[in-house]
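An overview of the molecular structure
Letter by letter, the chains look like this.
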Amino acid sequence: MEKPIVISDSNFDQIVLQAKTPVLVDFWALWCRPCLMIAPILDELVEEYNGKVSIARLDVDQNPKTAAKYGIMSIPTLLIFKNGKPVSHIVGFRPKGEMKRNLDAALD
């Protein structure tokens, strides 16, 4: 089973900003309970959107530079990037259907 891409401050620009397809980035931390609840949903979305959208995870504790750059104040925060720019912003645990609506909008 495919998993989200693990990204860091050092490879964020290459993997997210230069991507040819939209990228959902999950800003999370190991101690964050809602972040852990989102993880299985992201695993499912990786399969469902394979080839259309990339799903990536960035641990904010280990990568504070990128989290600060995008003003991440609460986690989980999910940003969807398209053409190198954030086009959707989801804060907190949300149901899978809401995440899919945001991803589908980014594909239009």
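Residues numbered from 1 in each chain as written. Predicted model: local features only at pLDDT ≥ 70, side-chain atom pairs only at ≥ 80, totals over all residues. Heavy atoms only, no water.

What follows concerns the sheet that holds strand β2 (residues 23-28). Working definition: the strands of a sheet are paired by backbone hydrogen bonds and lie parallel or antiparallel to each other. Taken together, 5 strands build an open sheet; the order of strands is β1-β3-β2-β4-β5 and the sheet is mixed. Every interior strand has two partners, whereas the edge strands, β1 (5-7) and β5 (85-91), have only one. Shown here is a sheet whose adjacent strand axes are inclined to one another by a mean of 25 degrees, direction ignored. By the bridge criterion, 5 bridges tie β2 to strand β4 (residues 77-82) in an arrangement that is antiparallel. (Pairing = 2+ DSSP bridges. Helix = DSSP H or I, 4+ residues; strand = E, 2+ residues; numbered from the N terminus. Axes fitted to C-alpha atoms, helices over the stretch in contact; angles between N-to-C directions.)

As a further point, take the packing of aromatic side chains. Two aromatic rings, taken as a pair, are described by how far apart their centres are and by the angle between their planes. For the coordinates displayed, the defined rule picks out 3 aromatic pairs. Here the aromatic rings of F12 and F81 are separated by 5.6 Å at their centres, their planes lie at 80 degrees, and the arrangement is edge-to-face. Taken together, the residues F12 in helix α1 (residues 12-17) and F81 in strand β4 connect sequence positions 69 residues apart. Residue F12 shares its accessibility class with F81, and that shared class is buried. Ring-pair connections join several aromatic residues into one group, and the members of that group are F12, Y70 and F81. A cation over a ring is seen here: R57 above W28, with NZ or CZ 4.1 Å from the ring centre. (Phe/Tyr/Trp six-rings, centres within 6.5 Å; stacked < 30°, edge-to-face > 60°. Buried < 20%, exposed > 50% of the residue type's maximum accessible area, 1.4 Å probe, protein only. Lys NZ or Arg CZ within 6 Å of the ring centre and 35° of its normal.)

Using the criterion set out here, one finds 1 disulfide in the structure. One disulfide in the model links C32 with C35; its S-S distance is 2.4 Å. One quick way to see it: the torsion about the S-S bond of C32 and C35 is about 80 degrees, and its sign makes the bridge right-handed. The residues C32 and C35 share a single accessibility class, namely buried. (Disulfide = S-S within 2.5 Å.)

A word on the environment of R33. On the secondary structure map, R33 appears in helix α2 (residues 33-48). With a relative accessible area of 59%, R33 lands in the exposed category. A C-alpha to C-alpha distance of 26 Å links R33 and N50, two positions 17 residues apart in sequence.

The subject of this paragraph is the environment of K82. Among the secondary structure elements, K82 is positioned in strand β4. The spacing of K82 and I15 is 67 residues in sequence and 12 Å in space, taken between C-alpha atoms. Apart from residues lying up to four places away in sequence, K82 is in contact with P22, V87, A106, L107 and D108. Of the polar contacts made by the side chain of K82, one reaches the backbone oxygen of D108; its length is 2.7 Å. (Contact = heavy atoms within 4.5 Å. Polar contact = N/O pair within 3.5 Å; in protein donor to acceptor, adjacent residues only side chain to side chain.)

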